[in-house]
Amino acid sequence: MFAALYGELELHPWYDPLVATEDAYSLFYARSSAMGWLAGAREHTSGGLWHMNDAGLDRDFRSSPARIAWFQVALAEPVPVPADRPLPLQPFLSCAGDVVARMGKMCLKAVQVVLPVHSLDAPAGASSRLDAVGALLQATGWFADCASRFRTEVRITLEGGQDSTLPSAAPEMLQWMQGIKQDVFTCDSLSLVDEDAVHLEPGIPNHLWLGPSRHRVTFRGTLSEWSLDALGWLAAFLAEASRRQGISTPLILTATRTKEPVNRVDRRR
């Protein structure tokens, strides 16, 4: 799994990356270990969701918006991921956010995530991967009491590299997502040609995801809140939607806000 965060970062006055004891890699390693997400952190131990690969505080101003930081991990065994587990993208992005918060105050403008859809168990009928979807639905309780004023209109672009499966699968993905009762992400529309979408250069080499990009689709909808927690849940949800419709190659997801959070009365309160 790979994630890159884009936007603005104001470093804390006490954090100087040139002299700091802990960098993005070591902070991500420490946070992953503390939360039980790091596999093989200590000899003769089991469990964990990923193995540490690399990370960097990389304020790259050549892209627009500018890249702030990036993180890369390898999924821990078992791979393929069993049908009762979604891809651990929510803890992955949450951990990335915790690390950046240690270094400074971030204004998040966009997120790019590699979805290793090929690492999910292949569908084997209508009931395949229902347990993983159930786990995602159970996790929606974390966002249940988000105030309506935090709801944000978002644009989610998926890129399938040179695999042409994605555009033909996208309408069924939209229908499937709209049929799942949840309030984290309301998907309103699908576009096969979206000239307004933000296109960011992939942060990984082409051979790791069948790049360069030739096929992309864009979903628009409303997210319960503009946070790495919610975006991680959404990324895992989209990975499940993709796998259920026969996609078996890595996808690159780019998420951006189309508007500021929706300001409306929360009628649930």
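Above this text sits the structure in question.
These figures come from a predicted structure and were not determined experimentally.

Quick notes on the rules
- Each chain has its residues counted from 1, running along the sequence as written.
- Totals for whole chains, interfaces and linings use all residues, but because this is a predicted model, local features are given only for residues with pLDDT of at least 70 and pairs of side-chain atoms are given and counted only at 80 or more.
- As a rule here, side-chain values come from all non-hydrogen atoms in the structure, and water together with hydrogens is ignored.
- A run of H or I in DSSP counts as a helix once it spans at least four residues, and a run of E counts as a strand once it spans at least two, with each numbered from the N terminus.
- Three exposure classes are used, based on accessible area relative to the maximum for each residue type with a 1.4 Å probe and protein chains only: buried under 20%, partly exposed in between, and exposed over 50%.
- The criterion used for residue contact is that any of the two residues' heavy atoms lie within 4.5 Å.
- In this text, buried Ala, Val, Leu, Ile, Met, Phe, Trp, Tyr and Cys residues form a nonpolar core when linked through side-chain atoms within 4.5 Å.
- Any Phe, Tyr or Trp ring, taking Trp's six-membered ring, that has another such ring centre within 6.5 Å forms a pair; planes under 30 degrees apart are called stacked, those over 60 apart edge-to-face, and the others tilted.

Q: Looking at this structure, I do not really get the side chain of Ser 119. What am I missing?
A: Structurally, Ser 119 can be placed in the loop between strand S4 (104-115) and helix H3 (130-139). Of the residues examined, Ser 119 reaches a relative accessible area of 9% and is grouped as buried. Discounting residues that sit within four places of it in the chain, Ser 119 has contacts with Leu 75, Val 79, Pro 80 and Val 81.

Q: What exactly am I supposed to notice about the nonpolar core here?
A: Side chains of a nonpolar character, in soluble globular proteins, are inclined to be buried together. Formed by 72 residues in total, the largest nonpolar core has its most connected members in Phe 28, Phe 71, Phe 92, Leu 115, Leu 158 and Phe 219. Looking at which element gives the most residues to this core, the answer is helix H5 (residues 228-244), with 11 residues. Setting aside residues no more than four positions away along its own chain, Leu 158 makes contact with Leu 115, Leu 166, Met 173, His 215, Arg 216, Val 217, Phe 219, Leu 238, Ser 242, Leu 251, Ile 252 and Leu 253. In terms of nonpolar packing, the next biggest core, distinct from the first, is built from 10 residues, Ala 4, Ala 110, Leu 200 and Ile 204 among them.

Q: Even after reading the chapter, I still don't get the packing of aromatic side chains, so can you show me in this structure?
A: Each aromatic ring pair is summarised here by two numbers: the centre-to-centre distance and the angle between the ring planes. The tally for this structure, following the rule as stated, stands at 9 aromatic pairs. When the ring of Phe 28 is compared with that of Phe 92, the centres are 6.0 Å apart and the planes differ by 80°; the resulting orientation is edge-to-face. Taken together, the residues span a long stretch of sequence, with Phe 28 in helix H1 (residues 24-34) and Phe 92 in helix H2 (residues 89-103) at a distance of 64 residues. Phe 92 carries the same exposure label as Phe 28, and that label is buried. Their ring planes at 25° and their centres at 4.9 Å tell us that Trp 233 and Phe 237 sit as a pair that is stacked. Here Trp 233 and its partner Phe 237 are both found in helix H5, 4 residues apart, which amounts to about one turn of the helix. For the pair formed by Trp 233 and Phe 237, the shared burial category is buried. Within the aromatic cluster, the residues linked to one another by ring pairs are Phe 28, Trp 37, Trp 50, Phe 71 and Phe 92.

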